[in-house]
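Notes for the structure review
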Amino acid sequence: MKLTLKIWRQKNAQDKGAMVDYQIDGIEPDMSFLEMLDVFNEDLMSKGGEPVAFDHDCREGICGMCSLYINGEAHGPDRGVTTCQLHMRMFKDGDTITIEPFRAAAFPVVKDLVVDRSSFDRIQHAGGFISVNTSGNTIDANTIPINKEDADKAFDAAACIGCGACVATCKNSSAMLFVAAKVSQYALLPQGKIEAVDRVLNMVHQMDAEGFGNCTNTGACEVECPKGISLENIARMNREYMSASLKG
Amino acid sequence: MALDSKIPSGSISDKWTDYKDHINLVNPANKRNLDVIVVGTGLAGGSAAATLAELGYNVKAFCFQDSPRRAHSIAAQGGINAAKNYKGDGDSVFRLFYDTVKGGDYRAREANVHRLAEVSTNIIDQCVAQGVPLAREYGGLLDNRSFGGALVSRTFYAQGQTGQQLLLGAYSAMNRQIGRGKIKMHNRHEMLDIVIVNGKARGIIARNLITGEIERHSAHAVVIASGGYGNVFFLSTNAMGSNATAAWKIHKKGAYFANPCYTQIHPTCIPVSGDHQSKLTLMSESLRNDGRIWVPAKIEDAKAIREGKKKAKDLTEAERDYYLERRYPAFGNLVPRDVASRAAKERCDAGFGVNKTGEAVYLDFAAAIQRYGKEQTYVKGLDSNDNALVTKLGTEVVKSKYGNLFQMYYKIVDEDPYTSPMMIYPAVHYTMGGTWVDYNLMTTIPGCFSIGESNFSDHGANRLGASALMQGLADGYFVLPYTIGDYLSPDIKMGPISTDSPEFEAAEKGVKDQIVKFMNNNGTHSVDYFHRKLGKIMWDKVGMARNAQGLNEAITEIAALREEFYKDVKVPGTDKGFNQELEKATRVADFLELGELFAKDALHRNESCGGHFREEYQTEDGEAKRDDENFAYVAAWEYKGKPSDAVLHKEDLVFDAVKLVQRNYK
């Protein structure tokens, strides 16, 4: 396949950055999108250029490190996948592909296509945990039975990989789906209930402090989420938040 | 230096309890005066950092990713073992211990493995208390499944994302401590050297990967939790960034490196599709619970399939060779990973492979879909002779068990595994070798500990499925927190360690010199060019099967490649900021040394055991032939300037509680 790539190049956080056009040939449909970029970078380097920086690690869709806004969509045109699972068979010979970083005020650009998502970590520091000591003296795990349906729902929420696609795709750069996934996981489990009030208040407060926008129920986050985290979680978080506000 | 494993005396089942009763403790007020550095934040490093901080130590944690949540433990799919005996199928601490020692082909340290089995039950309790959503049965209790190499059902799981959920549990425990200020987290930092002052580990030199700044960090002890070195093969199931640098740098400063040749080849991975390939993707071993592995029985059929003239479903059951069920009737498709991997290679080498390159076998769910579908028709009172209905209901059951794995396969291969069998082939997955540690998990550098995959101690020559997660969390949550306190207790009056000493100065200079060298090299080839070449040598000559001739060639070729790398590598850009090529260069430099030691270790071990298969040492029916008389020891290598000069030290393995027998899965 022969492709035209329009790639965002930006030296560092201070640099202004710009789109640059490149041509690439010899791309196979079996390649993943990131393997295509590997091949592209090798080619660029052999011509004396500096490779395009992009985030990636596990390359099997689970670590959440890869990002990329491809042709106007977070993680590109396929559904239910991360960029590392996107394959070139989704594109056609001669296509032009636009590649940009995940853009949001709370995700500043580090270099080229790499952004800083540590705002997500700071939201978790504010309350994304259950306060249990790691003493080895916790009660037997089967002492508290958990309804299978609740456990499965908690799992579905916990499956969030923290990639940030929800933020990147949201017109308000809202982090509601990400935060709601964590709040929901713990709200659905008996172990998380005791701290539920503080957790949701603290996490929502931190989310606002990081500069994420508000949710206007557009639902784009759910569509672009590679792990199928559902909007139901945002509804659950809103309920948790309302009731916590009344108690708090 | 003679190796002292410091295994406590007494009977195997009392060692850990007695040990804990007699170690020195640090009082909580004094823990505030002690700093600990943890390098790596996966299951082992994350759980250790959280627990040490909770105990009161000041923890400085480092990871090269942008968040601790991305550590490669997150990719583990199948599950975590624990001797809970919730199923009442005969499991016990001793049986888990026994299976692990046997599964490791009697090359693990008995005392460590028993401790691991003992604390395994606490791990499940701990994780559930942290809100890890492990799979439940309809009665609300925890569910289990079985895994290769065991006859009991002791594996706890969270769909096919067990590693992710356990890691997020450890990450949440870390978050709690980061929020309290007890852990200072350094994301996007890479440890490039250790600093030793008066014979003790007292700090590290790290590069801030965003600014490029070289930083000095001091502590009273350093914990390495940097994972394995499978990426020495270039193609592996490891994450792209997984590297050996932290472990290799401490080796160069005095930590012995044990059993480097013990590599786990995982039997169920998606086969290589072309030269552009950057990594291999694992399909969870849990699939072997329901998937049947086969190749065509007749070589003509295999050829026809490779040429696209026939399809898997064109062959009747009689025309298929379910070679694992045939060779190992007792364990069948659930034989341990090394046995399953070698059997697949044997069939493919004999010409029965089923993809274009001839390096793939089938993993088939058709029988499971029928079996589950029939069961569902009985449960629901429907017509069990309605084939379409049976298939539909059976597919639903298989989907609920393995749906995410099937989807992953479909996305990569572009073929539907519900209707045509998956193609799989073995790939490098996990390294059982690593830094040598004593019973306290301390390396031969005082004050430098190594936990999880980065040490060598618990898996022997082969790791059973679902035991890596167990070891990572056992070391971090429940073992290191005790042993490090015993080590730190004399240091309570020491005060903060200064970074202004000549030792820090020298270590920093070494790191800077290497970086300057790379930046000014102006060669012609990229880092990946050399990494791929190294990987090819490793896979061809130091991979699933090895022989003396190939190993000797590999040693020479790797040394030559290393020389070429230093002459001809090109690292573009600058060292003053974010530079992914520079990151790769420092890592590949270490792999180019480690690879040679790896081959040297494989060459000296004149036996076959677990993941180490020497073609010269096999039984008449092609099974691995161990030599306990001459090789029942840990090979711990001391660095002497070059991998070829490394000096071998032996820790004899003594088995009191289990009797060494030939592994038999028939």
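Let me begin by describing the structure that accompanies this report. Just so it is clear, the model here is predicted, and its values are computed rather than measured.

When helices and strands are counted, chain A shows eight helices and seven strands. Seen along its three principal axes, the alpha-carbon backbone of chain A occupies a region of about 60 × 35 × 35 Å. In chain A, which comprises 248 residues, the share counted as buried stands at 58%. When contacts within chain A are restricted to residue pairs at least 6 apart in sequence, those whose partners lie at least 24 apart make up 69%. When the accessible area of chain A is evaluated, it comes to approximately 9,600 Å², of which 50% is carbon and sulfur surface. For chain A, the distance from the average site of its 24 positive side-chain charges to the average site of its 34 negative ones is 4 Å.

Grouped together as the largest cluster of nonpolar side chains are 127 residues, with contacts concentrated most on V179(A), F212(A), I80(B), I124(B) and I484(B). The element that contributes the greatest number of residues to this core is helix 13 (residues 468-488) of chain B, accounting for 11 residues.

So, on to the packing of helix 7 (residues 245-252) of chain B against helix 17 (residues 580-604) of chain B. To describe two helices that pack against each other, one gives the angle between their axes and the distance between the axes. Residues and elements named next belong to chain B. The N-to-C vectors of helix 7 and helix 17 enclose an angle of 60 degrees; their axes lie 9 Å apart at closest approach. Between helix 7 and helix 17, the interaxial angle falls into the category oblique. Regarding helix 7 and helix 17, the two cross each other, and that crossing is left-handed. Only T586, R587, D590, E593, L594 and L597 of helix 17 make contact with helix 7, whose side of the interface consists of T245, W248, K249, H251 and K252.

Right, let's talk about the sheet that holds strand 2 (residues 18-24) of chain A for a bit. Residues and elements named next belong to chain A. The strand order across the open sheet built from five strands is 2-1-5-3-4, with neighbouring strands paired in mixed fashion. The open sheet terminates on both sides in strands that have one partner only, identified here as strand 2 and strand 4 (73-74). Across seven bridges, strand 1 (residues 3-9) lies against strand 2 in antiparallel orientation. Each bridged residue has a counterpart across the sheet, and for I7 the counterpart in strand 2 is V20.

Okay, the environment of N144(B) next. Residue and element names in this part refer to chain B. In this fold, N144 is placed in the loop between helix 5 (110-129) and strand 4 (155-156). Once the C-alpha coordinates of N144 and N81 are considered, the two residues, 63 residues apart in sequence, prove to be 9.1 Å apart. Sequence-distant contacts of N144, that is, excluding residues within four places in its chain, are made with Y86, K87, S153, R154, T155, F156 and Y157.

Residues and elements named next belong to chain B. Summed over the entire model, instances satisfying the criterion amount to 35 aromatic pairs over all chains. Between the aromatic rings of F365 and Y402, the centroid separation amounts to 6.0 Å while the plane-to-plane angle is 55 degrees, which identifies the pairing as tilted. With F365 in the loop between strand 14 (361-364) and helix 11 (366-380) and Y402 in helix 12 (residues 387-413), this pair connects stretches of sequence that are 37 residues apart. Three or more aromatic residues joined by ring pairs make a cluster, and in this case those are Y229, F233, W248, F257, W539 and F598. The cationic tip of R145 hangs over the ring face of Y157; the distance from NZ or CZ to the ring centre is 3.8 Å. Sitting over the face of the ring of Y322, R292 holds its NZ or CZ atom 3.8 Å from the ring centroid.

Next up on the list: helix 6 (residues 196-209) of chain A. Residue and element names in this part refer to chain A. Under the 1.5 Å per step criterion, the end-to-end length of helix 6 is 20 Å for 14 residues, consistent within 8% with the ideal 20 Å. Among the residues making up helix 6, those that are buried are A196, R199, V200, M203, V204 and M207. Angular distribution of buried residues about the axis of helix 6 spans 110 degrees; they occupy a single face of the element. In helix 6, those exposed residues whose orientation departs by more than 90 degrees from the buried face are D198, H205 and A209. Looking one or two residues past helix 6, G211 carries a phi angle of roughly 95 degrees, positive in sign.

Residues and elements named next belong to chain B. Using the criterion set out here, one finds 76 salt bridges over all chains in the structure. Between R202 and D491 there is a salt bridge, with its nearest N and O atoms 2.8 Å apart. Taken together, the residues R202 in strand 7 (residues 200-208) and D491 in the loop between helix 13 and helix 14 (502-519) connect sequence positions 289 residues apart. Each member of the pair, R202 as well as D491, carries the same accessibility label: buried.

What follows deals with the environment of S273(B). Residues and elements named next belong to chain B. Among the structural elements, S273 can be located in the loop between strand 11 (263-269) and strand 12 (292-296). A residue is classified by how much of its surface remains accessible, and S273, at 43% relative accessible area, is partly exposed. Sequence separation between S273 and A548 is 275 residues; the distance between their C-alpha atoms is 30 Å.

This paragraph deals with the interface of chain B and chain A. Taken together, the contact between chain B and chain A spans 75 residues of the former and 70 residues of the latter. Inspection of the chain B/chain A interface yields six salt bridges. Of the charged contacts, one joins D55(A) and R188(B) as a salt bridge, the two residues approaching to 2.8 Å between their closest N and O atoms. Linking chain B with chain A are 38 residue pairs in polar contact (both at pLDDT 80 or more). For the side of chain B that touches chain A, the secondary-structure elements that each account for two or more residues are helix 3 (43-55), helix 5, helix 6 (162-179), helix 12, helix 13 and helix 17 of chain B. Take the side of chain B that touches chain A: its biggest share by element is nine residues, from helix 6 of chain B. The class makeup of the residues in the side of chain B that touches chain A is 28 nonpolar, 31 polar and 16 charged.

Residue and element names in this part refer to chain B. Relative to the elements of secondary structure, H604 occurs in helix 17. Among the polar contacts listed, one links the side chain of H604 to the backbone oxygen of D601, at a separation of 2.8 Å. Excluding residues within four positions of it along the chain, H604 makes contact with F631, Y633, A635, W637 and L648.

Before going further, it helps to examine the sheet that holds strand 6 (residues 189-197) of chain B. Sheets are built from strands paired through backbone hydrogen bonds, the pairs being either parallel or antiparallel. Residue and element names in this part refer to chain B. Read across the sheet, three strands follow the order 6-7-8 without closing on themselves; strand pairing throughout is antiparallel. The sheet is open, and its two edges are formed by strand 6 and strand 8 (214-218), each paired on a single side. In this sheet, neighbouring strand axes are inclined to one another by 25 degrees on average, regardless of whether the strands run parallel or antiparallel. As judged from the eight bridges shared by strand 6 and strand 7, these two strands associate in the antiparallel manner. Paired with E190 across the bridge in strand 7 is R207.

Attention now goes to unusual backbone geometry. At N217(A), a position not held by glycine, the phi torsion is positive, near 55 degrees. Summarising the element assignment, N217(A) is placed in the loop between helix 6 and helix 7 (220-224). Take N217(A): its relative accessible area is 65%, and that puts it in the exposed class. In the Ramachandran plot, N85(B) falls in the positive-phi region, its phi being about 50 degrees despite a non-glycine side chain. Positionally, N85(B) belongs in the loop between strand 3 (80-81) and helix 4 (93-103). You can call N85(B) partly exposed: its relative accessible area is 33%.

Cut-off values and rules
- Residues numbered from 1 in each chain as written.
- Chains lettered and ligands numbered in written order.
- Predicted model: local features only at pLDDT ≥ 70, side-chain atom pairs only at ≥ 80, totals over all residues.
- Heavy atoms only, no water.
- Helix = DSSP H or I, 4+ residues; strand = E, 2+ residues; numbered from the N terminus.
- Buried < 20%, exposed > 50% of the residue type's maximum accessible area, 1.4 Å probe, protein only.
- Contact = heavy atoms within 4.5 Å.
- Areas by Shrake-Rupley, 256 points an atom, 1.4 Å probe, with all protein chains shown as cover.
- Lys, Arg positive; Asp, Glu negative; His and termini not counted.
- Charge placed at Lys NZ, Arg CZ, Asp CG, Glu CD.
- Core = buried A, V, L, I, M, F, W, Y, C linked by side-chain atoms within 4.5 Å.
- Axes fitted to C-alpha atoms, helices over the stretch in contact; angles between N-to-C directions.
- Parallel < 35°, antiparallel > 145°, perpendicular 65-115°, else oblique.
- Left-handed = near helix turned anticlockwise from the far one by under 90°.
- Pairing = 2+ DSSP bridges.
- Phe/Tyr/Trp six-rings, centres within 6.5 Å; stacked < 30°, edge-to-face > 60°.
- Lys NZ or Arg CZ within 6 Å of the ring centre and 35° of its normal.
- Expected span 1.5 Å × (residues − 1).
- Arc of directions from axis to C-beta.
- Salt bridge = Lys/Arg side-chain N within 4 Å of Asp/Glu carboxyl O.
- Polar contact = N/O pair within 3.5 Å; in protein donor to acceptor, adjacent residues only side chain to side chain.
- Nonpolar A, V, L, I, M, F, W, Y, C, P; charged D, E, K, R; others polar.

That's the geometry; what it means functionally is another story.
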